[in-house]
Amino acid sequence: MDAGVKNKMLYAATRATLKRIFGDNRIATEFNCTLREELSLQAYKNHVLSKGSAAPMTEAEKELAQVKKDEAAMRSQMSNNSATLPGLNLPATQDLLTNLEKFKKGFINYLQIKLDTETEELKLWDCANIKASELPEKVPAEEPRYHLFNFNHEFEGNNMWSVVFIYSCPGYSVPVKQRMMYSSTKACFLDSLANMDIEIAAKREISEGDEVKEVDIYEMIHPQKHASRAHFIKPKAPSRGGRRLIR
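Within each chain, residue numbers correspond to sequence positions counted from 1 in written order. Where totals are concerned, whole chains, interfaces and linings use all residues; where local detail is concerned, this predicted model gives features only for residues with pLDDT of at least 70, and gives and counts side-chain atom pairs only at 80 or more. Side-chain metrics in this entry use all non-hydrogen atoms of the structure; hydrogen atoms and water are not considered.

Participant: Just give me the short version of the overall build of the protein, but keep the residues and values in it.
Facilitator: Each helix is a run of H or I in the DSSP string that is no shorter than four residues. Each strand is a run of E no shorter than two, and both are numbered from the N terminus. Regarding its fold elements, the protein presents seven helices and five strands. When contacts within the protein are restricted to residue pairs at least 6 apart in sequence, long-range pairs at least 24 apart make up 59% of them. Carbon and sulfur atoms provide 53% of the accessible area of the protein, an area that totals close to 18,500 Å². For this analysis, residues touch if any pair of their heavy atoms sits within 4.5 Å. Each accessible area is a Shrake-Rupley estimate made with a 1.4 Å probe; only the visible protein chains count as cover when residues are assessed.

Below, the structure is given as structure tokens:
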């Protein structure tokens, strides 16, 4: 039965006053209903349960939430396994070590390194002499990789060779364990390169090959200097014209 507009307005207008007189701190929850059948113990229990449940999410939001949950669990597991280490120091295969020496001596200018999550070691995946324009094609679309590229270029009239380190990871499509292991191993791997006297001029993390075109590599090594901020010039006061004679 319709309660009528006037009664609805009166009850709505006096509800806050009644709660204040009774004591807001004594009210745990509010339960509104429009039908007599809704005023039952089971209906109230359902109301309380619905308030405690999480807000509805899209499939993409559910997937992202699960990924973050898995990452937290993996990070906790890694912390328990190696509490004193800031990262994972995985061994490298002999093939990779041999080609790192060749890279250092300039026999090859590109290496692609894969982290094998099953054997927990770093392996050589690809080595070649390539042009900077070919680098984007080397970045896998499905799996993470480490890349080392010795970039030959001209800078201020000088011919230079500069090594860049690139960590490519396609995104959330990569399994959590694989992504976490690559991220945790990166710092230790860079330390190993430094111990081998392989100097890294620039580092970058990317999700796809289009982020490392030749112009991007050049700017990684030689960031453009921003023009200095122009000094503020105080405008001249408006001219008052010639002096006037006052009589």
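Participant: Kindly report on the pattern of salt bridges, identifying the contributing residues and their values.
Facilitator: Whenever Lys or Arg places a side-chain nitrogen within 4 Å of a carboxyl oxygen from Asp or Glu, that contact is recorded as a salt bridge. Counted under the stated rule, the structure contains four salt bridges. Among the salt bridges present, the one from Glu143 reaches Arg145, with a minimum N-O distance of 2.9 Å. Residue classification places Arg145 among the buried residues on the basis of a relative accessible area of 4%. The shortest N-O distance in the salt bridge between Glu205 and Lys186 comes to 2.2 Å. Taken together, the positions of Glu205 in strand β5 (residues 200-206) and Lys186 in helix α6 (residues 176-195) put the pair 19 residues apart, joining distant regions of the chain. Each residue is assigned to one of three classes by its accessible area relative to the maximum for its type, calculated with a 1.4 Å probe on protein chains only: buried under 20%, partly exposed between the two thresholds, exposed over 50%.

Participant: Which residues make up the sheet that holds strand β3 (residues 145-155), and what are the values?
Facilitator: The strands making up a sheet are joined through hydrogen bonds of the backbone, oriented either antiparallel or parallel. At least two DSSP bridges between two strands are needed for those strands to be called paired. Pairing is mixed in the open sheet, where five strands are placed in the order β2-β1-β3-β4-β5. With one partner strand each, in any of the chains shown, β2 (121-128) and β5 form the two edges of the open sheet. Shown here is a sheet whose adjacent strand axes are inclined to one another by a mean of 25 degrees, direction ignored. Pairing analysis gives seven bridges linking strand β1 (residues 110-116) to β2, with the strands arranged antiparallel. Here, axes are lines fitted to C-alpha atoms. For helices the fit covers the stretch in contact, and angles between N-to-C directions go from 0 to 180 degrees.

Participant: Give me the lowdown on helix α4 (residues 94-105), citing residues and values where you can.
Facilitator: Residue count minus one, scaled by 1.5 Å, sets the expected span of a helix. Taking 1.5 Å per residue as the helical rise, α4 with its 12 residues ought to reach 16 Å, and the 17 Å between its terminal C-alpha atoms agrees with that figure. For α4, the complete set of buried residues consists of Leu96, Asn99, Leu100 and Phe103. The buried residues of α4 occupy an angular sector of 115 degrees when the element is viewed end-on, so they sit on one face. Those residues of α4 that are exposed and aimed more than 90 degrees away from the buried face are Gln94 and Lys105. Summarising the contacts, the buried residues of α4 are in contact with β1, β2, β3, β4 (158-168) and α6. Immediately beyond the C-terminal end of α4, within one or two residues, lies Gly106, with a positive phi of roughly 90 degrees. The directions from the helix axis to the C-beta atoms form the arc being described.

Participant: So, the nonpolar core: which residues are in play, and what are the values?
Facilitator: Nonpolar core, defined: a set of buried Ala, Val, Leu, Ile, Met, Phe, Trp, Tyr and Cys residues in which side-chain atoms within 4.5 Å join the residues together. Core analysis: the biggest nonpolar cluster contains 24 residues, and Leu100, Leu111, Ile113, Tyr146 and Leu148 have the highest contact counts within it. Of all elements in the fold, only α4, β1, β2, β3, β4 and α6 reach the threshold of two or more residues within this core. Among the nonpolar cores identified, the runner-up in size contains 16 residues, and Ala128, Ala132, Phe151 and Ala202 belong to it.

Participant: Describe the packing of aromatic side chains, and please don't skip the residues or the numbers.
Facilitator: Each Phe, Tyr or Trp ring, with Trp reduced to its six-membered ring, pairs with another whose centre is within 6.5 Å; inter-plane angles below 30 degrees give stacked pairs, above 60 give edge-to-face pairs, and intermediate values give tilted ones. Here the structure, examined in full by the defined rule, presents eight aromatic pairs. Ring centres 5.5 Å apart and planes at 45 degrees place the aromatic pair Tyr146 and Phe165 in the tilted group. With Tyr146 in strand β3 and Phe165 in strand β4, this pair connects stretches of sequence that are 19 residues apart. The buried category is assigned to Tyr146, whose relative accessible area is 0%. Phe165 gets classed as buried once you look at its relative accessible area, which sits at 1%. Members of the aromatic cluster, each reached through a chain of ring pairs, are Tyr146, Phe165, Tyr167, Tyr182 and Phe189. Against the face of Trp125 rests Arg145, its NZ or CZ located 4.6 Å from the ring centre. Look at NZ for Lys and CZ for Arg. If either is within 6 Å of the ring centre and within 35 degrees of the ring normal, a charge sits over the ring.

Participant: Go over helix α1 (residues 5-22), please, and point to the residues and values.
Facilitator: End to end, α1 covers 26 Å across 18 residues, agreeing with the expected 26 Å (1.5 Å per residue, within 8%). Values of bend correspond, residue by residue, to the angle between axes fitted over the seven residues ending at that residue and the seven starting there. Along its length, α1 reaches its greatest deviation from straightness, about 35 degrees, at Arg15. Counted residue by residue, α1 has zero buried out of 18 residues, so it is predominantly exposed. At the C-terminal side of α1, Gly23 shows a positive phi close to 115 degrees.

Remember, this is a structural readout, not a statement about activity or role.
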